[in-house]
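Reading the structure
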Amino acid sequence: MGTKTLNQDTIEIIKSTVPVLAEHGEAITTRFYQMLFSNHPELLHIFNHANQKKGKQPQALANSIYAAAQYIDNLEAILPVVKQIAHKHRSLNIKPEHYPIVGEHLLLAIKDVLGEAATDDIIHAWGEAYGVIADVFISVEKEMYDEAEQAKGGWKEFRHFIVSKKEKESEVITSFYLTPQDGKEIASFLPGQYISIKAVIEGEEYTHIRQYSLSDHPNQPYYRISVKREDGSQNQPAGIVSQFLHDTVREGDILEVTAPAGDFVLQTEPELPIVLISGGVGQTPLLSMLKTLAQKEPNRVVTYIHAAINGSLQAFDQEVREAVEGNDNYNYYLCLESPTDEDKQANKHQQEGYIDQEWLSTVILDHDAEFYVCGPTPFMQASYQALVNLGVAKEQIHYEFFGPKGVIEN
Ligand SMILES: Cc1cc2nc3c(=O)[nH]c(=O)nc-3n(C[C@H](O)[C@H](O)[C@H](O)COP(=O)(O)OP(=O)(O)OC[C@H]3O[C@@H](n4cnc5c(N)ncnc54)[C@H](O)[C@@H]3O)c2cc1C
Ligand code: HEM
């Protein structure tokens, strides 16, 4: 892995300074992004401005550089993490030539924040270590770009898709069916994967790229994404891209899309039961998994658990019912946090309030299963904890954050 090697002195400097850098982590990353965007404003076309403002992505990037540095003499150990990030990078179209820019600004920020304490030896060692880490990312990403381009129906970078259908799924969620403008085949995907959309919005200085999970099963002539409108509140602005898709994009419009990516995918080996647990719009990747399983694995025991606030905010009820219908191996449980009078009359839900451990224990009969969880962060943390308390092995719980990867164990 990688072509460069570091000498022992460099490795020791890196390992002994990781804690110092981590301690000043926030200051260094804040300074890093200030300088990066001031010297390279074109990168604001790629980075998510809301994540920057909320501080999530800065932490993610810096923490992973320190984590990688800790394993500088054994980078193989962090390959799964590198791959997860590389999927995101590939779907954002991050290029090898971006890496030296990030490296240069990281060193500038370290110097700036640590001042005298950042000796030439330290800066030199970090420069070398960053080069080694960057090489690992670049080579993993090269493989991913090649794979995406060479796949049947695949492509490189962004491809133009027509919004062939726009369909309201609930008060807050709308689906967009995307067919390629060139009329050619599109790459298949693994259920659970996502695409990125580059939004070019009139009046906006920069483009905005966002990920959306594919919500239908693969091998269709279109991709379907289902987007929740982020309305914002008094304290926070409305979501830029979700609002644009809901309010401005019409059937017939063109969107720029990258090829499917992501490692939150359905694993069908070993032959264990599968439990899919979603909250709100976190349903999208799990719906793709459910529909795929229903077609291909009718003998598998599959449990689909979905939580919504109430029936009018809930999407895909009918689609889920159709997928599980007529198969006793498939079960669907609906949990409504605050059912309306209408919901109470319809009586489609099995649980009122939150999904909790006690209720989960009544619907999950076999703990030796593969669990997939997606939804708002507190929802995922609570579900994860409940599953662990019920005795589920952590390796059998898979989850996807709809933003920079966060911490699942709270
Ligand atoms: C792998 C993956 C899959 C995803 N799949 C889906 C999917 O299937 N469906 C779906 O709807 N979404 C999905 N998402 C989320 C999606 O990518 C977007 O993050 C989402 O649509 C919001 O984007 P936006 O541009 O509308 O909001 P942004 O403009 O990015 O804002 C995001 C949030 O931050 C708030 N905010 C903005 N600025 C500030 C500020 N200064 N201070 C405080 N808060 C602020 C906004 O109000 C909003 O709630 C997925 C994300 C990932 C990473
Ligand atoms: C070794 C160097 C790098 C490391 C360790 C790294 C690490 C990360 C991590 C951990 C994330 C969050 C992933 C997630 O969970 O979603 C991320 C996202 C991202 N990275 Fe990198 N990265 C590196 C280099 C780069 C470079 C060179 C660029 C391009 C200039 C870049 C641009 C991005 C962007 C745009 C995101 C998406 C996050 C957002 O906008 O909110 N990264 N990176």
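Treat the numbers as computed from the prediction; the structure is a model and nothing was measured.

Cut-offs applied
Residues numbered from 1 in each chain as written. Chains lettered and ligands numbered in written order. Predicted model: local features only at pLDDT ≥ 70, side-chain atom pairs only at ≥ 80, totals over all residues. Heavy atoms only, no water. Helix = DSSP H or I, 4+ residues; strand = E, 2+ residues; numbered from the N terminus. Rg over C-alpha atoms; globule rule 2.2 N^0.38 Å. Buried < 20%, exposed > 50% of the residue type's maximum accessible area, 1.4 Å probe, protein only. Areas by Shrake-Rupley, 256 points an atom, 1.4 Å probe, with all protein chains shown as cover. Lys, Arg positive; Asp, Glu negative; His and termini not counted. Charge placed at Lys NZ, Arg CZ, Asp CG, Glu CD. Phe/Tyr/Trp six-rings, centres within 6.5 Å; stacked < 30°, edge-to-face > 60°. Lys NZ or Arg CZ within 6 Å of the ring centre and 35° of its normal. Near = heavy atom within 4 Å. Polar contact = N/O pair within 3.5 Å; in protein donor to acceptor, adjacent residues only side chain to side chain. Nonpolar A, V, L, I, M, F, W, Y, C, P; charged D, E, K, R; others polar. Expected span 1.5 Å × (residues − 1). Pairing = 2+ DSSP bridges. Domains from an automatic or database assignment. Contact = heavy atoms within 4.5 Å. Buried area = accessible area lost by both parts, 1.4 Å probe. Salt bridge = Lys/Arg side-chain N within 4 Å of Asp/Glu carboxyl O. Axes fitted to C-alpha atoms, helices over the stretch in contact; angles between N-to-C directions.

Broken down by element type, the protein carries 13 helices and twelve strands. For the protein, the C-alpha radius of gyration of 23 Å lies close to 22 Å, the compact-globule estimate for 410 residues. Seen along its three principal axes, the alpha-carbon backbone of the protein occupies a region of about 70 × 50 × 45 Å. Among the 410 residues that make up the protein, the fraction classed as buried is 54%. For the protein, the computed accessible surface area is about 19800 Å², with 49% contributed by carbon and sulfur atoms. Charge separation in the protein, taken as the distance between the mean sites of 33 positive and 58 negative side-chain charges, equals 5 Å.

The next point concerns the packing of aromatic side chains. The description of two aromatic rings rests on the distance between their centres and on the angle between their planes. Under the defined criterion, the tally for this structure stands at 16 aromatic pairs. The ring of Y177 has K165 lying over it, and the distance from NZ or CZ to the ring centre is 4.5 Å.

What follows covers the site of ligand 2. In the vicinity of ligand 2, 24 residues are found, and the nearest of them are N48, N51, K88, H89 and K405. Separating a nitrogen atom of ligand 2 from a side-chain N or O atom of H89 is a distance of 2.9 Å. With respect to ligand 2, the backbone of K405 contributes an N or O atom lying 2.7 Å from an oxygen atom. Counting residues per element, the ones that place at least two in the shell around ligand 2 are α4 (56-70), α5 (79-92), α6 (98-114) and α7 (120-150). Grouping the amino acids of the shell around ligand 2 by side-chain chemistry returns 15 nonpolar, seven polar and two charged.

Attention shifts here to helix α2 (residues 25-39). Over its 15 residues, α2 runs 21 Å from end to end, which matches the ideal 21 Å to within 8%, given 1.5 Å per residue. By the burial criterion, the buried members of α2 are G25, I28, T29, F32, Y33, M35, L36 and F37.

As a further point, take unusual backbone geometry. We note that N93 has phi near 65°; this positive angle belongs to a residue other than glycine. Here N93 is to be found in the loop between α5 and α6. Residue N93 is classed as buried on the basis of its relative accessible area, which comes to 12%. The backbone phi angle of F316 is positive, close to 65°, even though this residue is not glycine. Within the element layout of this structure, F316 appears in the loop between β8 (302-308) and α10 (317-324).

Turning to the pairing of strand β11 (residues 370-374), a few remarks are in order. Burial of β11 is extensive: five of the five residues sit out of reach of the surface. Both faces of β11 are covered, namely the face carrying E370, Y372 and C374 and the face carrying F371 and V373. Here strand β7 (residues 274-279) runs beside β11; their pairing, made up of five bridges, is parallel. Of the residues in β11, the one forming a bridge with V275 is F371.

Turning our attention to the site of ligand 1. Around ligand 1, 26 residues are found, and the nearest of them are Q211, Y212, P237, V241 and S242. Contact distances for ligand 1 include 3.1 Å between a nitrogen atom and a backbone N or O atom of S213. I240 is positioned with one of its backbone polar atoms (N or O) 2.9 Å from an oxygen atom of ligand 1. Secondary structure elements with two or more residues in the shell around ligand 1: α3 (49-54), β4 (208-213), β5 (223-228) and α8 (240-247). It is β4 that provides the largest number of residues to the shell around ligand 1, a total of four residues. Along the lines of polarity and charge, the residues of the shell around ligand 1 split into ten nonpolar, nine polar and seven charged.

Interface size, as often reported, equals the accessible area lost upon joining of the parts. Along its sequence, the protein is organised into domain 1 (8-150), domain 2 (159-257) and domain 3 (274-400). On a C-alpha basis, the centroid separation for the pair domain 1 and domain 2 is 29 Å. On the domain 2 side, the residues contacting the ten residues of domain 1 number ten residues. Taken over both partners, the interface formed by domain 1 and domain 2 buries close to 920 Å², and the fraction arising from carbon and sulfur atoms is 52%. Summed over the three residues of domain 1 that lose the most area to domain 2, namely H45, H49 and S91, the buried surface amounts to 46% of that side. Connecting domain 1 to domain 2 are zero salt bridges. The tally of links between domain 1 and domain 2 comes to three residue pairs in polar contact (both at pLDDT 80 or more).

One open sheet accounts for six strands, arranged β4-β3-β6-β1-β2-β5; its pairing is antiparallel. What marks the edges here is a single partner per strand, and that holds for β4 and β5. Taken over all neighbouring pairs, the strand axes of this sheet differ in orientation by 40° on average, direction set aside. Its contacts with the sheet place α8 against β1 (159-168), β2 (173-180), β3 (194-199), β4, β5 and β6 (254-257), and it is angled at close to 75° to β4.

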